[in-house]
Amino acid sequence: GAVVSQHPSWVICKSGTSVKIECRSLDFQATTMFWYRQFPKQSLMLMATSNEGSKATYEQGVEKDKFLINHASLTLSTLTVTSAHPEDSSFYICSATEGLSYEQYFGPGTRLTVT
Amino acid sequence: QQQVKQSPQSLIVQKGGIPIINCAYENTAFDYFPWYQQFPGKGPALLIAIRPDVSEKKEGRFTISFNKSAKQFSLHIMDSQPGDSATYFCAARKNSGYALNFGKGTSLLVTP
């Protein structure tokens, strides 16, 4: 089946620093990737949608200058949290689809803690 | 605005029981309805999905029932096991390239 990986699985950083999270599709070409964040015991909240080679489309209320998304290839998307604050601490999950396929596959998530 | 409404919020059943989780939607443009299972600290895993041209789909112990006129769909877990204890999310989407709209999730506990 389709596999999506994320790296790192967890990261701790200090306030004011930046952290990059990678999302890779291992056995398919991810033409569209999505980034979500999830707070404890809550649903997934879409942050942005990105198509390979194009700028990401951000959801209302998500700061594009703070959450930088790059989808430079068909197998890799990155999310960079810039100038991180403790309120950015969350579980970040990426997902990907291939072409016109309906199935959307999720990565294992990255737990970010900002101290 | 929550485009997909999910209930119940939590559910406890005994082993062997059949938990049923319900979802409702308003947007008639939705044409793909998946269910995801999520364990603590893990990403959601696709369980089963249905398109609106069928009323039921079964995969192993998991069944989706779909009522297009009522704009509702539900997940049934047959012969539930303690290992099924997890959070279940329903979702809906317009077509490929669009993001999923998730329900708020149902926390299922299957007791031995």
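Structure: see above.
These notes cover the structure that comes with them. Positions within a chain are numbered from 1, following the residues in the order the chain's sequence is written. By the order in which they are written, chains take letters starting at A while ligands take numbers starting at 1. Local features in this predicted model are restricted to residues of pLDDT 70 or higher, and side-chain atom pairs are both shown and tallied only at a pLDDT of 80 or more, whereas totals for entire chains, interfaces and linings draw on every residue. Side-chain measures here rest on the full set of heavy atoms in the structure, leaving out hydrogens and waters.

## Details of the sheet that holds strand β3 (residues 20-25) of chain B
Residues and elements named next belong to chain B. Filter applied, for reference: Paired strands, in this sense, are two strands between which DSSP finds at least two bridges. Strands here are runs of E lasting at least two residues and helices are runs of H or I lasting at least four, both read from the DSSP assignment and numbered beginning at the N terminus. Simply put, an axis is a line fit to the C-alpha atoms, just over the touching stretch for a helix, and the angle between two N-to-C directions goes from 0 to 180 degrees.
What the five strands build is an open sheet, ordered β1-β3-β8-β7-β6; its pairing is antiparallel. Each of the sheet's edge strands pairs with one partner strand only, and the pair in question is β1 (4-7) and β6 (56-59). Going across the sheet, the axis of each strand differs from the next one's by a mean of 15°, ignoring polarity. The pairing of β6 with strand β7 (residues 62-67) spans four bridges and is classified as antiparallel. Pairing of Lys57 across the sheet is with Ile64, part of β7.

## Quick word on the interface of chain B and chain A
In many reports, interface size means the accessible area that the parts give up when they come together. The following threshold applies: Residue contacts are defined here by distance: any two heavy atoms, one from each residue, within 4.5 Å place the two residues in contact. Buried area, as used here, totals the accessible surface that two parts lose on assembly, with accessibility defined by a 1.4 Å probe and the loss added over both. By convention in these notes, a salt bridge is any Lys or Arg side-chain nitrogen within 4 Å of a carboxyl oxygen on Asp or Glu. What qualifies as a polar contact is a pair of N or O atoms within 3.5 Å, subject to a donor-acceptor requirement within protein and to the restriction that residues adjacent in sequence count only when both atoms come from side chains. Any residue that is not Ala, Val, Leu, Ile, Met, Phe, Trp, Tyr, Cys, Pro, Asp, Glu, Lys or Arg is counted as polar, Gly included; the first ten are nonpolar and the last four charged.
Taken together, the contacts link 21 residues of chain B with 22 residues of chain A. Each partner contributes to the roughly 1,500 Å² buried at the junction of chain B and chain A, and carbon and sulfur atoms together form 58% of this total. Summed over the shared surface of chain B and chain A, the result is zero salt bridges. Between the two partners, chain B and chain A, sit eight residue pairs in polar contact (both at pLDDT 80 or more). Here the residues of the side of chain B that touches chain A are counted per class, giving nine nonpolar, seven polar and five charged.

## Some details on a nonpolar patch on the surface
All names here are of chain B. Just so we agree on the cut-off: A patch consists of residues exposed above 30% relative accessible area that lack any salt bridge, with like charges linked at up to 9 Å and nonpolar side chains (Val, Leu, Ile, Met, Phe, Trp, Tyr) linked at up to 5 Å. Using the Shrake-Rupley algorithm and a 1.4 Å probe, accessible areas are obtained, with residue cover drawn only from the displayed protein chains. Here's how the labels work: a residue is buried when its accessible area is under 20% of the maximum for its type, exposed when over 50%, partly exposed in between, all with a 1.4 Å probe on protein chains only.
On the surface, a cluster of nonpolar side chains totalling about 240 Å² of accessible area is made up of Ile18, Ile20 and Met78. Its place among the elements puts Ile18 in the loop between β2 (10-14) and β3. Ile18 sits in the partly exposed class, given a relative accessible area of 47%.

## Concerning unusual backbone geometry
Across the chain, the bulk of peptide bonds are trans and the bulk of non-glycine residues have phi less than zero. Here the residue pair His7 of chain A and Pro8 of chain A is connected by a cis peptide bond, since its omega of 0° sits within 30 degrees of zero. Relative to the helices and strands, Pro8 of chain A resides in the loop between β1 (4-7) and β2 (10-13). Cis geometry is adopted by the peptide bond preceding Pro8 of chain B, which originates at Ser7 of chain B and carries an omega value of -5°. Even without glycine at this site, Ser83 of chain A takes up a positive phi of about 45°. By secondary structure assignment, the location of Ser83 of chain A is in the loop between β8 (76-81) and β9 (90-97). Owing to a relative accessible area of 35%, Ser83 of chain A belongs among the partly exposed residues under this scheme.

## Structural notes on the packing of aromatic side chains
Centre distance and the angle of the planes are the two values used to describe a pair of aromatic rings. This is how the line gets drawn: Each pair of aromatic rings taken from Phe, Tyr and Trp, with Trp reduced to its six-membered ring, is defined by centres within 6.5 Å and is described as stacked if the planes are under 30 degrees apart, edge-to-face if over 60, and tilted in the remaining cases. A ring is considered to have a charge above it if a Lys NZ or an Arg CZ atom is located within 6 Å of its centre and within 35 degrees of its normal.
Counted under the stated rule, the structure contains 17 aromatic pairs over all chains. Summarising the aromatic geometry, the rings of Phe33 of chain B and Phe66 of chain B are spaced 4.8 Å apart at their centres and angled 45° between planes, so their arrangement reads as tilted. A residue pair is termed long-range when its members are at least 10 positions apart, and Phe33 of chain B in strand β4 (residues 33-38) and Phe66 of chain B in strand β7 qualify at 33 residues. One exposure class covers both Phe33 of chain B and Phe66 of chain B, and it is buried. An aromatic cluster of three or more residues is present, and its members are Tyr25, Phe30, Phe33, Trp35, Phe66 and Phe73 of chain B. In this structure, Lys66 of chain A packs its charged tip against the face of Phe67 of chain A, placed 6.0 Å from the ring centre. Directly above the ring of Tyr102 of chain A sits Arg51 of chain B, whose terminal nitrogen or CZ lies 4.1 Å from the centroid.

## Things to note about the state of the cysteines
Using the following cut-off: Note that a disulfide, as used here, is simply two cysteine sulfur atoms within 2.5 Å.
Tallying each qualifying case throughout the model produces two disulfides over all chains. Sulfur-sulfur distance for the disulfide between Cys23 of chain A and Cys94 of chain A comes to 2.0 Å. Negative torsions about the S-S bond denote left-handed disulfides, and the value of about 80° found for Cys23 of chain A with Cys94 of chain A makes this one right-handed. Within this pair, whereas Cys23 of chain A is found in strand β3 (residues 19-25), its partner Cys94 of chain A is found in strand β9, the two being separated by 71 residues in sequence. Under the relative-accessibility criterion, Cys23 of chain A is labelled buried at 0%. A sulfur-sulfur distance of 1.8 Å marks the disulfide that ties Cys23 of chain B to Cys90 of chain B. In this structure the cystine formed by Cys23 of chain B and Cys90 of chain B twists about its S-S bond by roughly -95°; its chirality is therefore left-handed. You can see Cys23 of chain B sitting in strand β3 and its partner Cys90 of chain B sitting in strand β9 (residues 86-92), a full 67 residues away along the chain. Taken individually, Cys23 of chain B and Cys90 of chain B each receive the classification buried, so the pair is uniform in this respect.

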